[in-house]
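Read off the chains here:
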Amino acid sequence: MLLKVQGAGHDVQLTLAEDATILQLKEAIEASTGLVPVYQRLLFRGKTFDEDSALASSVGIADRTKVMLMHSQAYAQDRQAIEAIAALALELDALEARRETVDAAVLDELSTQICCKLDAVEVGDSHALRMRRKAQLKRCEELVQQRGRG
């Protein structure tokens, strides 16, 4: 079935199996938007979906349905850290774009600075934040390793 998902700064179309669960819908949204399921709040016909194991069809979602995507309460709690990690990801994007033109020692220093800033982001007990931060730290490491091989 084809679904349109709008909201929270996103507008995507997804194709799901007829027997997809709400969790599978959330995972498809994550694959398209990067917004992890814990940060998603889905609405359809004014109702939210709290039971991830429910079949989408059992709550009325059918082919060509439009689902509203909103940020969850967990997103609101983690927003400051999410935005900090996103800003550092942009710094890392800029550094990756300059990778071949920057001296290896400078690249290593700038990458280390970004890693230190990432380490300073407070993630509390949020698994989703920890995974976001870890992904950016891995990008930093790979950047230096790729330059070292180049």
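Please read these numbers as outputs of a predicted model, since none were measured by experiment.

Cut-offs applied
Residues numbered from 1 in each chain as written. Predicted model: local features only at pLDDT ≥ 70, side-chain atom pairs only at ≥ 80, totals over all residues. Heavy atoms only, no water. Helix = DSSP H or I, 4+ residues; strand = E, 2+ residues; numbered from the N terminus. Buried < 20%, exposed > 50% of the residue type's maximum accessible area, 1.4 Å probe, protein only. Polar contact = N/O pair within 3.5 Å; in protein donor to acceptor, adjacent residues only side chain to side chain. Contact = heavy atoms within 4.5 Å. Pairing = 2+ DSSP bridges. Expected span 1.5 Å × (residues − 1). Arc of directions from axis to C-beta. Bend = angle between axes of the 7 residues up to and from the residue.

**Q** What exactly am I supposed to notice about the side chain of T65 here?
**A** Looking at the element boundaries, T65 is found in strand β5 (residues 65-71). Its relative accessible area of 8% is what places T65 among the buried residues. Here the side chain of T65 touches A62 through a polar contact of 2.5 Å, landing on its backbone oxygen. Look past the residues within four positions of T65 in its chain and what remains in contact with it is L2, L3, K4, F44 and G60.

**Q** Just checking my understanding: could you explain the sheet that holds β5 for this structure?
**A** To summarise the sheet geometry, strands pair through backbone hydrogen bonds and adopt either a parallel or an antiparallel arrangement. Here we have five strands laid out as an open sheet, ordered β2-β1-β5-β3-β4, and mixed in their pairing. Each edge of the open sheet carries a strand with a single partner, namely β2 (10-15) and β4 (47-48). Relative to β5, strand β1 (residues 2-7) runs parallel, the two sharing four bridges. Bridge assignment links K4 to a residue of β5, and that residue is K66.

**Q** Sorry, what's going on with unusual backbone geometry here?
**A** Excluding glycine, most residues fall at negative phi; most peptide bonds, likewise, are trans. In the Ramachandran plot, A8 falls in the positive-phi region, its phi being about 55° despite a non-glycine side chain. Mapped onto the elements, A8 comes out in the loop between β1 and β2. Judged by relative accessible area, A8 falls into the partly exposed class, the value being 26%.

**Q** Explain the environment of D108 here, please?
**A** For D108, the location among the structural elements is in helix α3 (residues 104-120). Each C-alpha atom of the pair D108 and S53 lies 45 Å from the other, and the pair is 55 residues apart in sequence.

**Q** I would appreciate a short explanation of α3 in the present structure.
**A** For the α-helix, the turn length of 3.6 residues means that residues three or four positions removed from each other point alike. With 17 residues, α3 extends 24 Å from end C-alpha to end C-alpha; this agrees with the ideal 24 Å at 1.5 Å per step. Every buried residue belonging to α3 is among L107, S111, I114, C115 and L118, and all of these are buried. One side of α3 holds all its buried residues, which, seen down the axis, span an arc of 105°. Residues of α3 that are exposed and angled more than 90 degrees away from the buried face: A105, D119 and A120. Among the residues of α3, the N-terminal cap falls to D103, whose side-chain oxygen and the backbone nitrogen of A105 are separated by 3.2 Å.

**Q** Just to check I follow, could you spell out the pairing of β5 for this structure?
**A** The side chains of a regular strand alternate between the sheet's two faces. Relative to β5, strand β3 (residues 40-44) runs antiparallel, the two being bridged by four bridges. Following the sheet pairing, R41 is matched in β5 by M70.

**Q** Is there a simple way to think about helix α2 (residues 73-97) in this case?
**A** If you check α2, its first and last C-alpha atoms are 35 Å apart, about what 25 residues at 1.5 Å a residue would give, namely 36 Å. Along α2, the helix axis deviates most sharply at R79, where the bend reaches about 65°. Within α2, the full set of buried residues consists of Y75, D78, A81, I82, I85, L88, A89, L92 and L95.

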